[in-house]
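Observations on the three-dimensional arrangement
Take a look at the letters that make up each chain.
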Amino acid sequence: MTETVTDQKTPALIMPEATSGWRLAMRSFVQNRLAVIGLGTIVLLALFCFVGPHLYVTDQVSVDPVSSLLPPDGGHPLGTDAQGFDVLGRIMKGGQASLQIGLFAALIATAIGTLYGTVAGLIGGVVDGIMMRVVDTLLSIPFLFIVLIAATRFSSTVLSLSLILGAFSWLAPARLVRAEVLSLRSRGFVAASTVMGATKLRIITRHLIPNALGVVIVNITFQVADAIIAVSLLGFLGFGLNYPNVEWGTQLSNGVSYLFEGAWWLIYPVGGCLVLVVMAFNFVGDALRDSIDVRLRRR
C-alpha cells in the first residue's frame, strides 16, 4: 500500500496592513458626526451661494422702490429689502463675498504666520526673541481698532478687505507654527539635514513646513470662521463692501432698521446663514485637530 503524500500548504503569514498617519486621521475625521455635518453644511452653503444665482436669477443691481419691503410670497420667497432687492438672491450674493473674503484672508494670514513662525523657531536665540516680542506688541493692539482704521483708508472690495484682515490675522498662526517648529528642530531628520549641509531655506521648505502641515490645516479652518465674523462685523458697523457689492454683515446692518416694523425676513435668514457657516467651520476645525493630534485621536 503506497502512502499518499499530500502537500500541506504553509499558512500564509498575515502582515498587518500599514496605515499612514494621514489615513488614520481621515478615518477618525469621518467617524466624527459633527465634522461630517459641518463639512456637508459648508458644501451646501457654497453651492447655495455660487450655484444658486444661476438657478434663481434676480436683479441685484437696479434699485426698485416700488417693490421695497415686500413680505415673503410666491414671487419673492424671502421677501424684498428696502431697496427692492430680492432677499434670497441678496443672501446668495452676500454669501459669495463673505466666503471669498473668509478664505482669502485665512490663506494670507496662514501663509504669513507659517513663514514667520517657522523662521523664528528655526533660527532661535536673539532673533526668535525679537520676532516674538514684535508679535506680542501687535497682539496688545486691539485688532478691530487697526482693521477699522485700515478699512477707512482703502476702498472696500473683496480683495482689499481680504488683504486687510489677512495682514492683521497672522499673529496666532505664527505662534502655533513656531511652537511646532521648536519641537521639530530637535528631531533627527533636521539634524541630519543640517550635517549634510542643507541650507535653512531647504530645511524650512522640505522638512519643517511639511511636518507642521497638520497644525497649519487646522488653523486655516478657524481662521476662515474668524475672518467671516470679522468682515460681518465691519459690514455691520458700516465699513463693508461698497454698493452694489454686499456681504452678510451689511445685510444685517440694513435689516436692523426695519426689525421693529416686522420685517423679520431681513434679519433671521441671513443671520442663520452666518451662524451656520461659522459653526460648520468650527466643527470641521475641532474634528481636524482631534484627528491630526495623535494624543486626541480616537482609536
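Look a little higher up for the structure.
In this report, we go over the structure that sits alongside the text. Given the structure is predicted, the values throughout are model-derived calculations rather than measurements.

Cut-offs used in this document
- Residues numbered from 1 in each chain as written.
- Predicted model: local features only at pLDDT ≥ 70, side-chain atom pairs only at ≥ 80, totals over all residues.
- Heavy atoms only, no water.
- 1 Å grid on protein atoms, 1.4 Å probe; cavity = no way out; pocket = protein on both sides within 12 Å on 5 of 7 lines; lining within 4 Å.
- Points joined across faces, edges and corners; volume = space filled by probe spheres on them.
- Helix = DSSP H or I, 4+ residues; strand = E, 2+ residues; numbered from the N terminus.
- Nonpolar A, V, L, I, M, F, W, Y, C, P; charged D, E, K, R; others polar.
- Axes fitted to C-alpha atoms, helices over the stretch in contact; angles between N-to-C directions.
- Parallel < 35°, antiparallel > 145°, perpendicular 65-115°, else oblique.
- Left-handed = near helix turned anticlockwise from the far one by under 90°.
- Contact = heavy atoms within 4.5 Å.
- Core = buried A, V, L, I, M, F, W, Y, C linked by side-chain atoms within 4.5 Å.
- Buried < 20%, exposed > 50% of the residue type's maximum accessible area, 1.4 Å probe, protein only.

**Structural notes on the layout of surface pockets**
Of the volumes computed, that of the second largest pocket is approximately 310 Å³. Elements that contribute at least two residues to the lining of the second largest pocket include exactly helix H5 (125-140), helix H6 (143-153), helix H7 (158-167), helix H8 (171-184) and helix H11 (213-236). When residues of the lining of the second largest pocket are assigned to their parent elements, the largest contribution, four residues, is made by H11. Of the residues belonging to the lining of the second largest pocket, the class tally is 14 nonpolar, two polar and one charged.

**A word on the packing of H8 against H11**
In contact at an axis separation of 10 Å, H8 and H11 are set at 165° when each is read in the N-to-C sense. Considered as vectors, H8 and H11 are oriented roughly antiparallel to each other. Between H8 and H11 lies a crossing of right-handed hand. Of the residues in H11, those in contact with Pro173, Leu176, Val177 and Glu180 of H8 are Val215, Val216, Asn219 and Gln223. Split into classes, the residues belonging to the contact of H8 with H11 amount to five nonpolar, two polar and one charged.

**Considering the nonpolar core**
Membership of the largest hydrophobic core comes to 32 residues, with the highest contact counts inside it found for Ile91, Ile228, Trp248, Val277 and Phe281. At the level of elements, helix H2 (33-50), helix H4 (87-123), H11, helix H12 (248-256) and helix H13 (268-292) are the ones that each hand at least two residues to this core. With ten residues, the top contributor of residues to this core is H13. If we ignore the near neighbours within four places in the chain, the residues touching Phe281 are Ile42, Leu99, Thr221, Val224, Ala225 and Ile228. Counting residues in hydrophobic clusters, the runner-up holds 13 residues, among them Ile101, Leu165, Ala227 and Ala230.

These figures come from the coordinates and say nothing about function on their own.
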